[in-house]
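Report on the structure
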Amino acid sequence: MELPFFYTSQYDTGHREIVLNEETSRHVVQVLRMTKGEQLNLTNGKGNLLTCEIAEESKKHCVVRVLKIENRKPKIKNISIAISLLKNSNRFEWFLEKATEVGVSEIIPLLCERTEKEKFRYDRMNAICISAMLQSQQCWLPLLHEPTPFGNLAMRPFDNTTKFIAHCEDSDKNPLHNWQIDDRGSYRESNCLIAIGPEGDFTNEEIKLALQNNFVPVSLGETRLRTETAGMVAAVLLCQV
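Below is a summary of the structure that appears in this document. (Residues numbered from 1 in each chain as written. Predicted model: local features only at pLDDT ≥ 70, side-chain atom pairs only at ≥ 80, totals over all residues. Heavy atoms only, no water.)

1. Quick notes on the pattern of salt bridges
Stated precisely, the cut-off is as follows: What counts as a salt bridge is simple: a side-chain nitrogen of Lys or Arg found within 4 Å of a carboxyl oxygen of Asp or Glu.
The full count for this structure, using the stated rule, is 10 salt bridges. Bridged by salt links that share partners, the residues Glu 17, Glu 53 and Arg 65 form one connected network.

Structure representation (structure tokens):
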């Protein structure tokens, strides 16, 4: 039987005991009815998988003792998705959940010229990523940024990263899935960033700015996709390795 899997932001490598926060403590003790001596898994979202046992039962401050520490290596390459905020928050939350499940390394909410909604509840959005990380049994939590103006992203330097922009304008664009395979028929291992626009797409000025800053224009298929669908398609294509 698999051990229950939880998140903690309180782990310090020098400590053998961890006090769980109130929400996790309540779930462990009150919902799952776990008792002293029973085991569970914890991750800090930074690659550590901790096998622990309950040392002190408490619905508010449950204490667990670390029995085993396993360090999970990150993926070979970092995949960053920069995607416009959406008018419908539920659609954006759906994207965050699914992108986390497939293994995206970094998520950058964008503020574009045509972005219709700019409110962003960081704590709620990060909690969705944490939940999706646990559900998919991963130990690396995507780095979630505060909303960033598109112009700042376009001109920001990214070391050793291939940058893409997916837009709907008629122009020369290579299918993203073709770029993934190199001349030897192997998957490329370089870090990648892809920018996904809002409802209504990027403006011509934004596309021009991206191209001036070495973004490669790509297509995600033959059909026109919703923003959150485009982000998900890009995540799946880029996270294949």
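2. What to know about the packing of aromatic side chains
Applied cut-off: Paired rings are identified among Phe, Tyr and Trp, the last through its six-membered ring, by centres lying within 6.5 Å, and are further divided according to the angle between planes into stacked (under 30 degrees), edge-to-face (over 60) and tilted (the rest). Secondary structure counts use DSSP, requiring at least four H or I residues in a row for a helix and at least two E residues in a row for a strand, with both numbered from the N terminus. Here's how the labels work: a residue is buried when its accessible area is under 20% of the maximum for its type, exposed when over 50%, partly exposed in between, all with a 1.4 Å probe on protein chains only.
Per the counting criterion, the structure on display carries 4 aromatic pairs. Measuring from centroid to centroid gives 6.3 Å for Phe 92 and Phe 120, while their planes differ by 85°, and the two rings are edge-to-face. With Phe 92 in helix 2 (residues 89–102) and Phe 120 in the loop between strand 7 (106–111) and helix 3 (122–135), this pair connects stretches of sequence that are 28 residues apart. Judged by its relative accessible area of 14%, Phe 120 is buried. Each ring, one from Phe 150 and one from Phe 202, has its centre 4.9 Å from the other, and the planes form 45°; the classification is tilted. One end of the pair, Phe 150, is in helix 4 (residues 150–155); the other, Phe 202, is in the loop between strand 12 (191–196) and helix 6 (204–212), and 52 residues separate them in sequence. Just as Phe 150 is buried, Phe 202 falls in that class too. Among the aromatic side chains, those forming a connected cluster through ring pairs are Phe 92, Phe 95, Phe 120 and Tyr 122.

3. Thoughts on the packing of helix 2 against helix 3
For the record, the criterion: Between the N-to-C directions of two axes lies an angle of 0 to 180 degrees, each axis being a line fitted to C-alpha atoms and, for a helix, fitted only over the stretch in contact. If you view the pair so one helix is near and one far, a crossing is left-handed when the near helix is turned anticlockwise from the far one by less than a right angle, and right-handed when it is turned clockwise. Note on contacts: a residue pair is in contact if any heavy atoms of the two residues lie within 4.5 Å. Basically, the charged four are Asp, Glu, Lys and Arg, the nonpolar ten are Ala, Val, Leu, Ile, Met, Phe, Trp, Tyr, Cys and Pro, and anything else, Gly included, counts as polar.
Packing of helix 2 against helix 3 brings their axes to within 8 Å, and their N-to-C directions diverge by 35°. Regarding helix 2 and helix 3, the two cross each other, and that crossing is right-handed. Along the contact surface, helix 2 presents Phe 92, Glu 93, Leu 96, Glu 97, Thr 100 and Glu 101, while helix 3 presents Arg 124, Met 125, Ile 128, Cys 129, Ala 132, Met 133 and Gln 135. Residues of the contact of helix 2 with helix 3, tallied by class, amount to 7 nonpolar, 2 polar and 4 charged.

4. Considering the sheet that holds strand 1 (residues 5–7)
The cut-off we apply is this: Two strands pair under a simple rule: DSSP has to find at least two bridges between them.
The strand order across the open sheet formed by 5 strands is 1-3-4-5-2, and the pairing between neighbours is mixed. Because the sheet does not close on itself, it has two edges, and the strands there are strand 1 and strand 2 (17–19). Mean inter-strand twist for the sheet, computed between neighbouring axes without regard to direction, equals 40°. Along the sheet, helix 1 (residues 22–31) contacts strand 1, strand 3 (39–43) and strand 4 (48–56); its crossing angle with strand 1, the most-contacted strand, is approximately 160°. The sheet contacts of helix 3 involve strand 1 and strand 3, and relative to strand 1 the element is tilted by about 155°.

5. Some remarks on the pairing of strand 6 (residues 79–84)
Operational definition: Whether a crossover is right-handed depends on one test, that the path from the first strand over the helix to the second runs clockwise when the strands point away from the viewer.
Of all the 6 residues making up strand 6, 6 are buried; the element is thus mostly covered by neighbouring parts of the structure. Burial along strand 6 is two-sided: the face carrying Ile 79, Ile 81 and Ile 83 and the face carrying Ser 80, Ala 82 and Ser 84 are both buried. Note that strand 6 and strand 7 share 5 bridges and pair parallel. Of the residues in strand 7, the one forming a bridge with Ser 80 is Glu 106. The parallel pair strand 6 and strand 7, bridged by helix 2, forms a crossover whose chirality is right-handed.

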